Amino acid sequence: MSKPKIAIIISSTRASRVGEQAAKYLESVASKRNDLSFEVVDLRDYPMPFFNEVASNAYVPSSNEVAQKWQQKVASFDGFIFVTAEYNNSITAALKNALDYAYPEWNRKAAAYFSYGSAGGARAVQHLRDICVELQMAPVRHSVLIQGNDFYPIMNGEKQVKDLPYLKGLTETMLDQLAWWTYALKDAREAAQLAS
Ligand SMILES: Cc1cc2nc3c(=O)[nH]c(=O)nc-3n(C[C@H](O)[C@H](O)[C@H](O)COP(=O)(O)O)c2cc1C
């Protein structure tokens, strides 16, 4: 089996987002592992319109060229870590749109979460877990949350994500769980492909 590839997806696109530094921190911890490879994927690089296809690409191929590029990108990964911002108790509109623009490309792959917000982004992550199940992904149990008193100084630019030493251990636990599920599911996908 080739080394599984994991996308670190930045869910926010606004100019002054925290998401980018969170993704960079996550990548710096993750890239120390040698069992998985990682790539930061920025939704800004996939400026899709609000969903405007005749159906999900589970049923009808998408006509939008950026959407096709996005689907190919998603298909190239074996698992995903969503760097999850919380907007009005849920995920960003940009991430929901990007999730809706693919279907088979998400299926039977593991998903993990690294979030931030007043309540650690927990409400957004709970919504996202539910969406991931509908997309036939396998969400891992352990997620990393930056909350309240730790998050506000980061949001205000007074501190950085990398200034929180406790995140490293939490991130490593999340990555361990993601690795287990990613290997199990890649093996199962490849066995199913051989059998068919
Ligand atoms: C439209 C909007 C809605 C927000 N709603 C919430 C919320 O429901 N809960 C929360 O903890 N923070 C909320 N916030 C604050 C965000 O947690 C904070 O701005 C964070 O930095 C957003 O992620 P980003 O910087 O990557 O865009 C909201 C921010 C925006 C822009």
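See the structure shown above.
Residues numbered from 1 in each chain as written. Predicted model: local features only at pLDDT ≥ 70, side-chain atom pairs only at ≥ 80, totals over all residues.

> How should I be thinking about the overall build of the protein chain in this particular structure?
Helix and strand content of the protein chain: six helices and six strands. If you list the helices and strands of the protein chain from N to C, you get β-α-β-α-β-α-β-α-β-β-α-α. By the compact-globule yardstick of 16 Å for 196 residues, the protein chain fits well, its C-alpha radius of gyration being 16 Å. Once the C-alpha set of the protein chain is aligned to its principal axes, its extents read approximately 50 × 35 × 25 Å. (Helix = DSSP H or I, 4+ residues; strand = E, 2+ residues; numbered from the N terminus. Rg over C-alpha atoms; globule rule 2.2 N^0.38 Å.)

> Would you mind showing me how to read the nonpolar core here?
Buried together is how nonpolar side chains tend to be arranged in soluble globular proteins. Formed by 54 residues in total, the largest nonpolar core has its most connected members in I8, A22, L26, I81, V83 and L178. Each residue touching L26, except ones within four places of it in the same chain, is listed here: I8, I81, V83, F114 and T171. (Core = buried A, V, L, I, M, F, W, Y, C linked by C-beta atoms within 7 Å. Buried ≥ 20, exposed ≤ 12 C-beta atoms within 10 Å, placed from the backbone. Contact = placed C-beta atoms within 7 Å.)

> Just checking my understanding: could you explain the site of the ligand for this structure?
S12, G19, A85, G117 and S118 are the nearest of the 14 residues found near the ligand. Classifying every residue of the shell around the ligand by side-chain character gives five nonpolar, six polar and three charged. (Near = placed C-beta within 6 Å. Nonpolar A, V, L, I, M, F, W, Y, C, P; charged D, E, K, R; others polar.)

> I keep staring at unusual backbone geometry and nothing clicks. Help me out?
For residues besides glycine, phi is generally negative; the peptide bonds are generally trans as well. Of note, N88 is a non-glycine position whose phi angle comes to about 45 degrees, a positive value. As for its position among the elements, N88 is in the loop between β3 (79-85) and α3 (93-100). The phi angle at N89 is positive, at roughly 70 degrees, despite the residue not being glycine. Checked against the element boundaries, N89 lands in the loop between β3 and α3. Residue N89 is classed as partly exposed on the basis of its C-beta count, with 13 C-beta atoms lying within 10 Å.

> How should the packing of helix α1 (residues 19-30) against helix α6 (residues 167-195) be read in this particular structure?
Any two packed helices are characterised by how steeply their axes cross, that is the angle between the axes, and by the distance between the axes. Running from N to C, α1 and α6 point in directions that differ by 70 degrees, and their axes come no closer than 10 Å. Regarding the angle of α1 to α6, the classification is roughly perpendicular. Handedness of the α1/α6 crossing: right-handed. Counting all contacts with α1, which are made through L26, V29 and A30, the residues of α6 involved are K168, T171, E172 and L175. A breakdown of the residues in the contact of α1 with α6 according to their chemical character gives four nonpolar, one polar and two charged. (Axes fitted to C-alpha atoms, helices over the stretch in contact; angles between N-to-C directions. Parallel < 35°, antiparallel > 145°, perpendicular 65-115°, else oblique. Left-handed = near helix turned anticlockwise from the far one by under 90°.)

> It is not clear to me how the pairing of β3 should be interpreted in this structure. Could you clarify?
Looking down a regular strand, the side chains alternate between one sheet face and the other. The buried fraction of β3 amounts to seven of the seven residues, a majority that puts the element mostly inside the structure. Going residue by residue along β3, you find G79, I81, V83 and A85 tucked away on one face and F80, F82 and T84 tucked away on the opposite face as well. Both β3 and strand β4 (residues 109-117) contribute to a ladder of seven bridges, which runs parallel. If you follow T84 over to β4, its bridge partner there is S115. Tracing the backbone out of β3, into α3 and back to the parallel element β4 gives a crossover that is right-handed. (Pairing = 2+ DSSP bridges. Right-handed = clockwise from strand over helix to strand, strands pointing away.)

> Got a minute to help me understand the environment of A58 in this structure?
As for its placement among the helices and strands, A58 is situated in the loop between β2 (37-42) and α2 (65-75). Sequence spacing of A58 and Y103 is 45 residues, and the spatial spacing of their C-alpha atoms is 5.5 Å. Excluding anything up to four places from it in sequence, A58 contacts Y103 and P104.

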